[in-house]
Amino acid sequence: MLLRTTDPFRDFDRLAGQLLGAGLGTTNRPAVMPMDAWRQGEQFVLEFDLPGISKESIDIDVERNVLTIKAERVAGNGDWQRLASERTHGQFSRQLVLGDNLDLERIEAAYADGVLRLVIPVAEKAKPRKIEIAGTSPAADHEAIEA
């Protein structure tokens, strides 16, 4: 059996969310899907928390340098009475603008245990490289500049 205790702060949070809209980040309706991002060697890693989401309902799209992730958590239907509803249901999405230093053609995605993981390699053009110096004498270079 589910017991509900009275918590005036939780009730106030729920009321504020209902009156002011879903974009407040209340416990009823988080504003965005949580994300961690870091650089690991020659690649960037992004992880998004998507608990209770089926892999088939996740859509990942890249257009130019904008990464869009969409997902949907379907509310259960059946012959039952809902006693509490604190998890977000429905469609939600997140967009990130990615830099030109990333290779958007080689993004890898994996989904396990409610975590979507994207690995984006650094583009070859953005990697550090050595520049060779031509083997001419300084006097010849100076004469060529003056000419």
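The structure this text deals with has already been given above.
Residues numbered from 1 in each chain as written. Predicted model: local features only at pLDDT ≥ 70, side-chain atom pairs only at ≥ 80, totals over all residues. Heavy atoms only, no water.

Caption draft 1: Region of the structure containing the pairing of strand β1 (residues 35-40). Looking at chain direction, β1 and strand β2 (residues 43-49) are connected through six bridges and run antiparallel. Residue pairing for β2: D36 is matched across the bridge by E47. Two successive antiparallel strands, β1 and β2, enclose a turn made up of two residues, where G41 displays a positive phi of approximately 65 degrees. (Pairing = 2+ DSSP bridges. Helix = DSSP H or I, 4+ residues; strand = E, 2+ residues; numbered from the N terminus.)

Caption draft 2: Main features of the sheet that holds β1. One open sheet holds the four strands; their spatial order is β1-β2-β7-β6, and the pairing between them is antiparallel. The outermost strands of the open sheet, each flanked by one partner alone, are β1 and β6 (108-112). Strand-to-strand twist across the sheet, computed as the mean angle between neighbouring axes with direction ignored, equals 15 degrees. Note that β2 and strand β7 (residues 115-121) share seven bridges and pair antiparallel. Each bridged residue has a counterpart across the sheet, and for F48 the counterpart in β7 is L116. (Axes fitted to C-alpha atoms, helices over the stretch in contact; angles between N-to-C directions.)

Caption draft 3: Summary view of the sheet that holds strand β3 (residues 59-63). Taking strand neighbours across the sheet as the criterion, the three strands line up as β3-β4-β5 in an open arrangement whose pairing is antiparallel. Either end of the sheet is taken by a strand with one partner, and the two such strands are β3 and β5 (90-97). Adjacent strand axes in the sheet meet at a mean angle of 15 degrees when their direction is disregarded. The sheet contact formed by strand β4 (residues 66-73) and β5 spans eight bridges and is antiparallel. Looking at the pairing, I69 lines up with R94 of β5.

Caption draft 4: Quick peek at the nonpolar core. Core analysis: the largest hydrophobic core is formed by 16 residues, its most contacted members being F48, L50 and I69. Looking at this core, the elements with two or more residues in it are β2, β4 and β7. When residues no more than four places from it in sequence are discounted, the contact partners of L50 are M33, I58, A71, F92, Y111, G114 and L116. (Core = buried A, V, L, I, M, F, W, Y, C linked by side-chain atoms within 4.5 Å. Buried < 20%, exposed > 50% of the residue type's maximum accessible area, 1.4 Å probe, protein only. Contact = heavy atoms within 4.5 Å.)

Caption draft 5: Representation of the environment of D103 within the structure. Within the secondary structure layout, D103 lies in the loop between β5 and β6. Looking at D103, the relative accessible area reads 16%, which means it is buried. Once the C-alpha coordinates of D103 and Q43 are considered, the two residues, 60 residues apart in sequence, prove to be 9.2 Å apart. Beyond its immediate sequence surroundings of up to four residues, D103 is in contact with I120, P121, V122 and A123. Within polar-contact distance, the side chain of D103 engages the side chain of R106 at 3.1 Å. (Polar contact = N/O pair within 3.5 Å; in protein donor to acceptor, adjacent residues only side chain to side chain.)

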